[in-house]
Amino acid sequence: MKFSDSEACEVVIVGAGPTGLMLGNLLGTYGVRCRILERREEPFTEPRAIAYDPETLRLFQAVGCYEGLEPTLLKDVPVSYLNAAGKTLAHIYACPPSFGHSGRGTYYQPELEQALIYGLAGHQEVELVRGVEVTDVRETGDYVVLSLRCGDEEAGQLKARYVVDCSGGSSQIRRQLGIDFAGNTFREKWLVIDVVGDDYEDQEIKFFCDPNRPAVTLPVSKSRRRWEFLVMPGDDEEELASESSARALMASYGAGKADSIERSLVYTFHARMAQRFRAGRVILAGDAAHVMPPFAGQGLNSGMRDAANLSWKLAGVVAGRFDDQLLDTYELERRLHVEAMTKLAIKLGRSIMPTSAMRAWMRDLIMLTSWRFKRTRESVNRGDMIPKPSIAKSSLVNWKRGTGVGRMLEQPRVTKNGESLLLDDLLGSGFVVIGVNCRASEDLHPRDLQILEQHLQANSVFITTSRDEHADGRDDEGVLTDLIKRERGLLIVRPDRFLIDIVDANSSAPQLDWLADRFCLKNEVDELANLSTPAVHQQ
């Protein structure tokens, strides 16, 4: 296979892991012409990441891949923490649904990736090319030139307006750019065992908080299961990972007779983050930008959030609707949330893997005491300890509106023509203005409509709390009505479903000039400055 730098893409994605594949699906949804380059000839066939959260499922829904993923999911899985004596320190029931999906569960990664690969087939603008390695990236003016190799042979060059590096924690592109990957590599190593034909009875995630050898087990769909055991001082890692040793360790918890062991490997965990997520026209995402320990189950989910945040910004920039500087908000909005998730993962890891008997005793005492309080149990079962979706400190939010903005919009069920639907199924793939008991076309100033419809290309959706047959949907749960805190109002929502403004149903004066400024649209809409007030309001 040969490439020529005379053929330019709008975006090249390096790496066809979950983050790269999701980004490709999202860019395809926005009509962006891109290529995904993957050095492996075939998809991974071994499981790696294992836990989802509802934001990730919502993204699969957005790109039309949820139906393909859903059969591979194990949903609403409870979590137990047990001490060395087998006493329950805490038991977390299934999280309540959030953003329209199951609050917590597991998946089988090869099937997750396959669902995304199938999704790409629906986007003619996106091409997945395997067996291609990127050996060099060089920015020249308005493009990045990538030097490529197929096997042992040079494969020419390819030009792209932007490159997104999704090639993982060992990214060569990040190293070539001289971007530091600061953080820690943990001294502790873990033996990770994946089995097929699970013979363990409990369908729970269990943390065995035994200082003699901390362990974790997670059920996976289709009779699969993962086990993780801390490697202790004096262990022979090769022997520990052998089939006989792996089965003996599982048997100590009442398992070990699984049909087969899919893999048994010793892993070292890291908590690292790139010094910067962007170098000119090259952007880092997923593990290329940050890696974290697995104890909070947020590694892959954090990469999904990167793809959601970055995709619509790239789409708007390459389409000429946004200035390039909008891409700087990607790191600003993602770094704080990644840091919070990493701290949670480290904290959870420390709570389950102390090998000191005294520290384990203190941990047991604290957890048992805390769990006696109803407020603590309810808070943990709601998932309050997990950082909520947020774009704190972002310039792309009208923070003056107070509570509600800057957070991800919930996804209630709405009724349309007698059918119950999830809200996103009405919203489309881009920006959206949701009129609650009002219509954007009738209740916004023409200048605001111009910003939304022409420059942000926002969809308009009319949601009512009554039985108006002309509405796009009815808010039966009252979620949207609660947000506007009045009978009528409009919600401005980004493509990644973050709520960025709540405005009055009032066409007498512009309310959205801040959008033109913050989204780098100001020069394009200056022509609207002299737009007259609608005649109906002129006295």
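Okay, so let's go over this structure. Since we're looking at a predicted model, the values are computed, not measured.

## Some thoughts on the overall build of the chain
- Within the chain, the regular secondary structure consists of 17 helices and 26 strands.
- Relative to the compact-globule value of 24 Å for 539 residues, the chain shows a C-alpha radius of gyration of 25 Å, a close match.
- Overall size of the chain, expressed as C-alpha extent along the three principal axes, is 85 × 65 × 40 Å.
- A burial count over the chain gives 56% of its 539 residues as buried.
- Of the contacts made within the chain by residues no fewer than 6 positions apart, 70% connect residues no fewer than 24 positions apart.

## Concerning empty space enclosed by the protein
- Scanning all chains against the criterion turns up one cavity of 30 Å³ or more.
- Together, Pro47, Ile50, Tyr107, Tyr108, Asp194, Val195, Val220, Arg224, Arg225, Arg226 and Glu262 line the largest cavity.
- Here the element with the most residues in the lining of the largest cavity is strand 15 (residues 224-230); it accounts for three residues.
- When its residues are assigned to classes, the lining of the largest cavity shows six nonpolar, no polar and five charged.

## Let's talk about the packing of aromatic side chains
- One pass over the structure, following the stated rule, counts 17 aromatic pairs.
- Aromatic side chains Phe269 and Phe295 sit 5.9 Å apart centroid to centroid with 90° between the ring planes, which places their arrangement in the edge-to-face category. Separated by 26 residues along the polypeptide, Phe269 in strand 16 (residues 260-274) and Phe295 in the loop between strand 19 (290-291) and helix 8 (299-318) bring together distant segments of the chain.
- What makes Phe269 buried here is its relative accessible area of 11%.
- What makes Phe295 buried here is its relative accessible area of 10%.

## Remarks on the sheet that holds strand 3 (residues 51-52)
- Strand order in the open sheet made by the three strands is 3-7-4, with antiparallel pairing throughout. The outermost strands of the open sheet, each flanked by one partner alone, are strand 3 and strand 4 (74-75).
- The sheet contact formed by strand 3 and strand 7 (residues 105-106) spans two bridges and is antiparallel. What sits directly across from Tyr52, in strand 7, is Gly105.

## A closer look at the side chain of Asn83
- Checked against the element boundaries, Asn83 lands in strand 5 (residues 79-83).
- Residue Asn83 is classed as buried on the basis of its relative accessible area, which comes to 13%.
- In terms of polar contacts, Asn83 uses its side chain to reach the side chain of Asp364, at 3.5 Å.
- The residues contacting Asn83, other than those within four sequence positions of it, are Leu89, Cys209 and Asp364.

## Topic: the layout of surface pockets
- The computed volume of the second largest pocket comes to approximately 570 Å³.
- What lines the second largest pocket is a set of 19 residues, among which Lys347, Leu348, Ser351, Ile366 and Met367 lie closest to the centre.
- Within the residue set of the lining of the second largest pocket, elements represented by two or more residues are strand 6 (88-92), helix 9 (328-352), helix 10 (357-371) and helix 11 (374-382).
- When grouped by side-chain class, the residues that make up the lining of the second largest pocket number 12 nonpolar, three polar and four charged.

## With respect to the pattern of salt bridges
- The tally for this structure, following the rule as stated, stands at 33 salt bridges.
- The salt bridge involving Glu237 is made with Lys189; its shortest N-O contact spans 3.1 Å. Of this pair, Glu237 sits in helix 6 (residues 237-240) while Lys189 sits in strand 12 (residues 181-196); the two residues are 48 residues apart in sequence, bridging distant segments of the chain.
- Across the pair Asp384 and Arg382 runs a salt bridge whose closest N-O atoms are separated by 2.6 Å.
- For Arg382, a relative accessible area of 48% corresponds to the partly exposed category.
- Salt bridges here are not isolated pairs; linked through shared partners, they connect Lys313, Glu333, Arg494 and Asp496.

## Notes on helix 14 (residues 446-455)
- The buried count for helix 14 comes to seven of 10 residues, which makes it a mostly enclosed element.
- Looking only at helix 14, the buried set comprises Arg447, Asp448, Leu449, Gln450, Ile451, Leu452 and His455.

## Points about the packing of helix 1 (residues 18-29) against helix 4 (residues 109-120)
- In contact at an axis separation of 9 Å, helix 1 and helix 4 are set at 25° when each is read in the N-to-C sense. Between helix 1 and helix 4, the angle is such that the two are roughly parallel. Here helix 1 and helix 4 pass one another in a crossing that is left-handed. Mapping the contact onto sequence places Pro18, Leu21, Met22, Gly24 and Asn25 in helix 1 and Gln109, Leu112, Glu113, Leu116, Ile117, Gly119 and Leu120 in helix 4.
- Tallied by class, residues from the contact of helix 1 with helix 4 come to seven nonpolar, four polar and one charged.

## What to know about the state of the cysteines
- A full pass over the atoms with the stated rule returns zero disulfides.
- For the unlinked cysteine Cys65, the closest cysteine sulfur is that of Cys34, found at 14 Å.
- By relative accessible area, Cys65 is classed as buried at 2%.
- Residue Cys150 stays outside any disulfide, its sulfur separated by 14 Å from that of Cys9, the closest cysteine.

## A short note on the pairing of strand 14 (residues 215-220)
- Counted residue by residue, strand 14 has six buried out of six residues, so it is predominantly covered.
- Of the two faces of strand 14, the one lined by Ala215, Thr217 and Pro219 and the one lined by Val216, Leu218 and Val220 are each fully buried.
- Looking at chain direction, strand 13 (residues 205-209) and strand 14 are connected through three bridges and run antiparallel. In the sheet register, Phe208 faces strand 14, and the bridge partner there is Ala215.
- Connecting strand 13 to the antiparallel partner strand 14 that follows it, the hairpin turn spans five residues.
- In the sheet, strand 14 pairs with strand 15 via six bridges, with the strands oriented antiparallel. Residue Pro219 lies in a different strand from strand 15, and its bridge partner there is Arg225.
- Taken together, strand 14 and the strand that follows it, strand 15, pair antiparallel across an intervening segment of three residues, in which Lys222 is found at a positive phi of about 60°.

Conventions we followed
- Note on numbering: residues in each chain are counted from 1, in written sequence order.
- In keeping with the model being predicted, local features are shown solely for residues with a pLDDT of at least 70 and side-chain atom pairs are shown and tallied solely at 80 or more, while totals for entire chains, interfaces and linings include all residues.
- By convention in this description, side-chain values take in all heavy atoms of the structure and omit both hydrogens and water.
- Strands here mean DSSP runs of E at least two residues long; helices mean DSSP runs of H or I at least four residues long; both are numbered from the N terminus.
- Only C-alpha atoms enter the radius of gyration; for comparison, a globular chain is expected to reach 2.2 Å times N to the power 0.38, where N is the number of residues.
- Throughout this description, buried means an accessible area under 20% of the type-specific maximum (1.4 Å probe, protein chains only), exposed means over 50%, and partly exposed covers the range between.
- In this analysis, two residues are considered to be in contact whenever any of their non-hydrogen atoms come within 4.5 Å of each other.
- Any residue with an atom within 4 Å of a point lines the site, the site being either a cavity, points on a 1 Å grid over the protein atoms alone where a 1.4 Å probe fits but cannot get out, or a pocket, an open set with protein on both sides within 12 Å along at least 5 of 7 lines.
- Grid points are joined across faces, edges and corners, and a volume is the space filled by probe spheres set on the points.
- Three classes are used: nonpolar for Ala, Val, Leu, Ile, Met, Phe, Trp, Tyr, Cys and Pro, charged for Asp, Glu, Lys and Arg, and polar for all others, with Gly counted as polar.
- Note on aromatic contacts: the rings of Phe and Tyr and the six-membered ring of Trp form a pair at centre separations within 6.5 Å, being stacked when their planes are under 30 degrees apart, edge-to-face when over 60 apart, and tilted otherwise.
- Pairing between strands requires that DSSP locate at least two bridges from one strand to the other.
- N or O atoms closer than or at 3.5 Å make up a polar contact, with two conditions inside protein: a donor-capable atom paired with an acceptor-capable one, and, for residues adjacent in sequence, both atoms drawn from side chains.
- Only one rule defines a salt bridge in this text: a Lys or Arg side-chain nitrogen within 4 Å of an Asp or Glu carboxyl oxygen.
- Structural elements are reduced to axes, namely lines fitted to C-alpha atoms, with helices fitted over the stretch in contact, and the angle between N-to-C directions of any two is expressed from 0 to 180 degrees.
- In these notes the angle categories are as follows: under 35 degrees is roughly parallel, over 145 is roughly antiparallel, 65 to 115 is roughly perpendicular, and the rest is oblique.
- Should the near helix be turned anticlockwise from the far one by less than a right angle, the crossing is termed left-handed; should it be turned clockwise, right-handed.
- What counts as a disulfide here is a pair of cysteine sulfur atoms lying within 2.5 Å.

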